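The residues making up each chain are set out below.
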Amino acid sequence: MNPILKYLKNVFATKRVLGDDPTLSGLVKADAILQDMYADNKFPGLAITVLKEGKTIFQKGYGYADLDTKRYVDPKSSIFRIASVSKPIAATALAHMVQEGLISLDESFYTYLPDYPKKKWDFTIRQLASHTAGIRVYKGKEFALNEPFGIKDSLSIFKNDPLVFEPGTEYLYNSFDWVMISAAMQEASGIPFEAYVQEKVLDPLGMKNTYIPRRHPDDNLKQSDIDVNAIATSEARNNVTAFYTKSLSGFRKATPVDIFYKLAGGGYLSTSEDIAKFGQAFLDQKVGVKEAVLNQFLTAQLVNGNSTYYGLGWQVSEDAKGRKFFGHVGSGVGGYSNFFVYPKEQLVFSILINSTDPKVQEDLDVVIDSFFDELDYN
């Protein structure tokens, strides 16, 4: 299509969505970019929710939740795999547990799981949460495992491998760290990890469309205690997107995976609206955790005097223009996510895509930057 005609088509489409307010130029730009991305087959489906000072200033779905049935994406109800955006959810639950005195960040992991194979060096919960404990990354096909592991028994995947460095001396991002933390949380609390998250995070924050992928009897925990957050209603099950991987010919169904075991590191499913609501709770100081505890999680850790740009379960950094944020990017089988909270600007961004990493982060960065253009314009 002629670029000018394409632009005009996008402008007219955004006018239908956003109205005639001349101050909405940044929102129009964001919408046009996302429409172009879908037209260029860069994703099967995408949901975006943007909040400013607690109010929704932009919310829209693009493309399909399911390519076969032609079911459109709805940012309020379409349920995506959120991948590593699960880590901030798990970290918030861990913060509650720290506040309650059930677990200590600077305690050895072995205090909670004494049977875990001993390594050359000891390591703490804080080091696991900050990815400085020396636990290894995925090997081979582990990224896309389809084994019915519970949380604790999944430790067998990597527990016999040595640490790759002395804890505290390097930074190595991985999801196994958070699998270990969730196992320790279960041992410390005596209840399933997902039950604790439901009670302390999801229910209090009204995250009614955030789910675990399935029910699972974990180790010695009772089955009756497990199904606190299963996708029980047919309506919710029908709102789960299909999951895709991009190929040379387009998008195909992603390989089946069982991600229950890594709930804390990358297993939750949610809507863009729910994830935005989660971020807003931090700006509104309604998380239920004291500031002194939260600050430990939202402070970038140092290794050899250098910032890792990562706190405890949270990316804590600044964008290309020096604006400070905390949040997380997620990339998993059949799901890609952006979740950013900008405290100074009082902005929350939640973007979910139903595809394994579609290589669109640079495009999404431009979309997000458009909303700051809006602030500058006003």
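Everything below is about the structure shown above.
Rules behind the numbers
Residues numbered from 1 in each chain as written. Predicted model: local features only at pLDDT ≥ 70, side-chain atom pairs only at ≥ 80, totals over all residues. Heavy atoms only, no water. Helix = DSSP H or I, 4+ residues; strand = E, 2+ residues; numbered from the N terminus. Buried < 20%, exposed > 50% of the residue type's maximum accessible area, 1.4 Å probe, protein only. Contact = heavy atoms within 4.5 Å. Areas by Shrake-Rupley, 256 points an atom, 1.4 Å probe, with all protein chains shown as cover. Phe/Tyr/Trp six-rings, centres within 6.5 Å; stacked < 30°, edge-to-face > 60°. Lys NZ or Arg CZ within 6 Å of the ring centre and 35° of its normal. 1 Å grid on protein atoms, 1.4 Å probe; cavity = no way out; pocket = protein on both sides within 12 Å on 5 of 7 lines; lining within 4 Å. Points joined across faces, edges and corners; volume = space filled by probe spheres on them. Nonpolar A, V, L, I, M, F, W, Y, C, P; charged D, E, K, R; others polar. Expected span 1.5 Å × (residues − 1). Pairing = 2+ DSSP bridges. Axes fitted to C-alpha atoms, helices over the stretch in contact; angles between N-to-C directions. Parallel < 35°, antiparallel > 145°, perpendicular 65-115°, else oblique.

## Side note on the overall build of the protein chain
- Along the protein chain, the regular secondary structure elements total 11 helices and 13 strands.
- Counting only residues that meet the buried cut, the protein chain has 56% of its 378 residues in that class.
- Considering only residue pairs separated by 6 or more positions, the protein chain has 68% of its internal contacts joining residues 24 or more positions apart.
- Accessible surface for the protein chain amounts to roughly 16,400 Å². Of this, 51% is attributable to carbon and sulfur atoms.

## Structural notes on helix 6 (residues 193-202)
- Counting buried residues in helix 6 gives 9 out of 10 residues, a clear majority hidden from the surface.
- Those residues of helix 6 that sit buried are F193, E194, A195, Y196, V197, Q198, K200, V201 and L202.
- Contacts made by the buried residues of helix 6 are with helix 3 (86-99), helix 5 (176-189), helix 8 (263-267) and helix 9 (272-283).

## What to know about the packing of aromatic side chains
- Throughout the structure, instances matching the rule amount to 28 aromatic pairs.
- With a centroid separation of 4.3 Å and an interplanar angle of 20°, the aromatic rings of F158 and F176 are classed as stacked. Here F176 lies in helix 5 and F158 lies in the loop between helix 4 (125-129) and helix 5, a separation of 18 residues in the sequence.
- The exposure class of F176 is buried, given its relative accessible area of 2%.
- Considering the side-chain rings of F282 and W314, the 4.9 Å spacing of their centres and the 70° angle between planes classify their relative orientation as edge-to-face. Linking F282 in helix 9 with W314 in the loop between strand 9 (306-307) and strand 10 (315-318), this pair joins segments that are 32 residues apart in sequence.
- A residue is classified by how much of its surface remains accessible, and F282, at 10% relative accessible area, is buried.
- Grouped by ring-pair contacts, the aromatic residues F58, F325, F340, Y342, F349, F371 and F372 constitute a single cluster.
- Directly above the aromatic system of F243 lies the positively charged group of R81, at a separation of 3.7 Å from the ring centroid.

## Some remarks on empty space enclosed by the protein
- In this structure the tally under the stated criterion is 1 cavity of 30 Å³ or more.
- In this structure, the largest cavity occupies an estimated 40 Å³ of space.
- Surrounding the largest cavity, Y116, G134, I135, R136, F158, D161, P162 and L163 form its lining.
- Residue classes in the lining of the largest cavity are distributed as 5 nonpolar, 1 polar and 2 charged.

## A short note on helix 5
- Relative to the 20 Å expected for 14 residues at 1.5 Å per residue, helix 5 spans 20 Å between its end C-alpha atoms, a close match to the ideal helical length.
- Burial analysis of helix 5 places 11 of its 14 residues in the buried class, the great majority of the element.
- Regarding helix 5, the residues found buried are F176, D177, W178, V179, M180, I181, S182, A183, A184, M185 and Q186.
- Packed against the buried residues of helix 5 are helix 3, helix 4, helix 6 and helix 8.
- Positive phi appears at G190, one or two residues downstream of helix 5, with a value of about 80°.

## Remarks on the pairing of strand 2 (residues 55-66)
- Where strand 1 (residues 45-52) lies against strand 2, 8 bridges are found, and the strand directions are antiparallel. Residue pairing in the sheet places L46 in a bridge with Y62 of strand 2.
- Counting the residues that bridge the hairpin from strand 1 to strand 2 gives 2 residues, and of these E53 lies at a positive phi of roughly 50°.
- As defined by bridge partners, strand 2 adjoins strand 3 (residues 71-72) across 2 bridges and the pair is classed as antiparallel. The residue bridging Y64 from the neighbouring strand is Y72, located in strand 3.
- Turn length for the strand 2-strand 3 hairpin, with the two strands adjacent in sequence and antiparallel, is 4 residues, and the turn residue K70 shows positive phi of about 60°.

## Some thoughts on the packing of helix 3 against helix 6
- In contact at an axis separation of 9 Å, helix 3 and helix 6 are set at 85° when each is read in the N-to-C sense. Of the possible angle classes, the one that applies to helix 3 and helix 6 is roughly perpendicular. Facing helix 3, whose interface residues are I89, A90, T92, A93, H96 and M97, helix 6 presents F193, Y196, V197, K200, V201 and L202.
- Across the contact of helix 3 with helix 6, the residue classes tally to 9 nonpolar, 2 polar and 1 charged.

## Topic: the sheet that holds strand 1
- Pairing is antiparallel across the open sheet formed by 7 strands, whose spatial order is 3-2-1-13-12-11-10. The strands lining the two open edges of the sheet, one partner per strand, are strand 3 and strand 10.
- Contacts between helix 9 and the sheet are confined to strand 1, strand 2, strand 11 (324-332), strand 12 (335-342) and strand 13 (347-353), with strand 13 contributing the most and set at about 155° to the helix.

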